[in-house]
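So you can see what is in the structure, the chains are spelled out below.
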Amino acid sequence: MLGNKKNGLVVANWKMELSHKGEVEAAKAIKNLSKGHNWGNTKLVVCPSYPSLMAVAQELAKVDEVEIGAQNVHSEDKGAWTGEVSINQIAPFVQWCIVGHSEQRKLTGLNDEQVAQTAVRLIQYGITPIVCLGETAEQRAQDKTIEIVTGQMKQLLAFMTRMLMAKVVVTYEPVWAISANNPMDLPDPADMAGTMLLLRKIVSAEFGNEAAERMRVLYGGSVKESNVAEYVKEPGVNGVLVGSASTQPRQLIEIVNLVDGLIE
Ligand code: PGA
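In this text the structure is predicted, and so the values were computed from the model without any measurement. (Residues numbered from 1 in each chain as written. Predicted model: local features only at pLDDT ≥ 70, side-chain atom pairs only at ≥ 80, totals over all residues. Heavy atoms only, no water.)

Enquirer: Please clarify how the side chain of Thr128 should be interpreted in this entry.
Expert: Note on placement: Thr128 falls in strand E5 (residues 128–133). Among the residues examined, Thr128 registers a relative accessible area of 18% and is labelled buried. If sequence neighbours within four positions are ignored, Thr128 has contacts with Gln95, Trp96, Cys97, Lys167 and Val169. (Helix = DSSP H or I, 4+ residues; strand = E, 2+ residues; numbered from the N terminus. Buried < 20%, exposed > 50% of the residue type's maximum accessible area, 1.4 Å probe, protein only. Contact = heavy atoms within 4.5 Å.)

Enquirer: Can you walk me through the environment of Arg214 in this structure?
Expert: Turning to its location among the elements, Arg214 is positioned in helix H10 (residues 209–214). Distance from Arg214 to Arg200, taken between C-alpha atoms, is 9.3 Å for residues 14 residues apart in sequence.

Enquirer: When you look at the site of the ligand in this model, what are you seeing that I'm missing?
Expert: Contacts to the ligand come from 13 residues, most closely from Lys15, His101, Ser179, Ser222 and Gly243. Gly243 is positioned such that a nitrogen or oxygen atom in its backbone is 2.8 Å from an oxygen atom of the ligand. A distance of 2.9 Å is found between an oxygen atom of the ligand and a backbone nitrogen or oxygen belonging to Ser244. Within the complex, 99% of the 280 Å² of free accessible area of the ligand lies under protein. Of the residues assigned to the shell around the ligand, the class counts are four nonpolar, seven polar and two charged. (Near = heavy atom within 4 Å. Polar contact = N/O pair within 3.5 Å; in protein donor to acceptor, adjacent residues only side chain to side chain. Areas by Shrake-Rupley, 256 points an atom, 1.4 Å probe, with all protein chains shown as cover. Nonpolar A, V, L, I, M, F, W, Y, C, P; charged D, E, K, R; others polar.)

Enquirer: In this structure, what is going on with the pattern of salt bridges? I would like to understand it.
Expert: Two side chains with opposite charge may pair up if their charged atoms get near one another. Per the counting criterion, the structure on display carries nine salt bridges. Among the salt bridges present, the one from Glu67 reaches Lys43, with a minimum N-O distance of 3.4 Å. Here Lys43 lies in strand E2 (residues 42–47) and Glu67 lies in strand E3 (residues 66–70), a separation of 24 residues in the sequence. Its salt-bridge partner being Glu135, residue Arg140 comes within 2.9 Å of it at the nearest N-O pair. Residue classification places Arg140 among the partly exposed positions, given a relative accessible area of 26%. Among the ionic contacts, a cluster of salt bridges with common partners joins Glu135, Arg140 and Asp191. (Salt bridge = Lys/Arg side-chain N within 4 Å of Asp/Glu carboxyl O.)

Enquirer: What's the story with the packing of helix H7 (residues 145–157) against helix H9 (residues 189–207) in this structure? I'm lost.
Expert: To describe two helices that pack against each other, one gives the angle between their axes and the distance between the axes. Remark: H7 packs on H9, axes separated minimally by 10 Å, with the N-to-C direction vectors making an angle of 40 degrees. Considering the relative orientation of H7 and H9, their crossing is right-handed. Of the residues in H9, those touching H7 at Ile146, Val149, Thr150, Met153, Lys154 and Leu157 are Thr195, Leu198, Leu199, Ile202, Val203, Glu206 and Phe207. (Axes fitted to C-alpha atoms, helices over the stretch in contact; angles between N-to-C directions. Left-handed = near helix turned anticlockwise from the far one by under 90°.)

Enquirer: Help me understand the sheet that holds E5 in this model?
Expert: In any sheet, the strands associate via hydrogen bonds between backbone groups, in a parallel or an antiparallel arrangement. Strand order in the closed barrel formed by eight strands is E1-E2-E3-E4-E5-E6-E7-E8, with parallel pairing between adjacent strands. Recorded for the sheet is a direction-independent mean angle of 25 degrees between the axes of neighbouring strands. Along the sheet, helix H5 (residues 112–124) makes contact with strand E4 (96–99) and E5, crossing E5 at roughly 165 degrees. (Pairing = 2+ DSSP bridges.)

Enquirer: For this particular structure, what's the right way to read H7?
Expert: Think of an α-helix as turning once every 3.6 residues; residues three or four places apart then point the same way. Given a rise of 1.5 Å per residue, 13 residues ought to cover 18 Å, and the 18 Å separating the end C-alpha atoms of H7 matches this to within 8%. Within H7, burial applies to Thr145, Ile148, Val149, Thr150, Gln152, Met153, Leu156 and Leu157. (Expected span 1.5 Å × (residues − 1).)

Enquirer: Could you clarify how one ought to interpret the pairing of strand E8 (residues 239–242) in this entry?
Expert: As a general feature of sheets, a regular strand has side chains that alternate between the two faces. With burial as the criterion, each face of E8 is covered, one bearing Gly239 and Leu241 and the other bearing Val240 and Val242. Pairing analysis gives four bridges linking strand E1 (residues 8–13) to E8, with the strands arranged parallel. Within E8, the position partnered with Ala12 by the bridge is Val242. As judged from the three bridges shared by strand E7 (residues 216–220) and E8, these two strands associate in the parallel manner. By the bridge assignment, Tyr219 is partnered in E8 with Val240.

Enquirer: Explain unusual backbone geometry here, please?
Expert: Leaving glycine aside, a negative phi is the common case for residues, and trans is the common case for peptide bonds. Positive phi values are uncommon outside glycine, yet Asp143 reaches one of about 65 degrees. Residue placement: Asp143 occurs in the loop between helix H6 (137–141) and H7. The phi torsion at Asn182 lies on the positive side, around 45 degrees, for a residue other than glycine. Its location among the elements puts Asn182 in the loop between strand E6 (169–172) and H9.

Enquirer: What is the right way to look at the state of the cysteines in this model?
Expert: Note on terminology: a disulfide is the covalent bond linking the sulfur atoms of two cysteines. According to the stated counting rule, one finds zero disulfides in the structure shown. In this model Cys47 remains outside any disulfide bridge; the closest cysteine sulfur is found in Cys97, 7.7 Å from its own. With no disulfide of its own, Cys132 has Cys47 as its nearest cysteine by sulfur position, at a separation of 9.4 Å. A relative accessible area of 1% means that Cys132 is categorised as buried. (Disulfide = S-S within 2.5 Å.)

Okay, here's the thing in structure tokens:
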């Protein structure tokens, strides 16, 4: 039970790294650079900042293998939430949305229950949630990785049915491995794949083998052109979530090429 290797996915999380102009230019570059590539097995999901969603979506509208995602969304449908953005508001522009990124969890105190509820609402809007989970450096040092990710996954499943779970993408992203946290050593690919297998086992125990195999599981944390193959060639890894390296269109396209080559 290692997950099938179809439906590869690369998620480009641009965070708050580029200006509006920079995001539109990056989208144009992606459009040009993706010409002539036929990524039969892999989709690229570009996640710009909110103000650029519409412009980036328009720029990439005709590129078949590229879709648009939001980096975050509020769990409530509407209301007096100054500065927040609802699913309803992103729905015209996106097919995907990152939920529970560790930077949001830290900033806003977002908990596993809110992450799961938001994932369910996104599915109701026809948007695929990309749920992020993973342990911090401190938790890892205390040997709590398995306990933490098991707890996060079980909380997610508590709000899911088998049918809903078929629409969720899970990203295992150890917080300490994110490039902005200056990791001393990059995570060992086999070690990462082992934790991802554990996530599938938890799904299997709840919803059966087929659901566990079908689930798409990504790895995230300091992925670059030079190391992506190491992670994706591990069994059961369907793709990657890329932050920093994804803001460079050439490198991003090369990452998609490499992932597509490793996905049968
Ligand atoms: P990174 O970011 O690739 O720069 O480590 C990944 C993420 O936090 O989404």
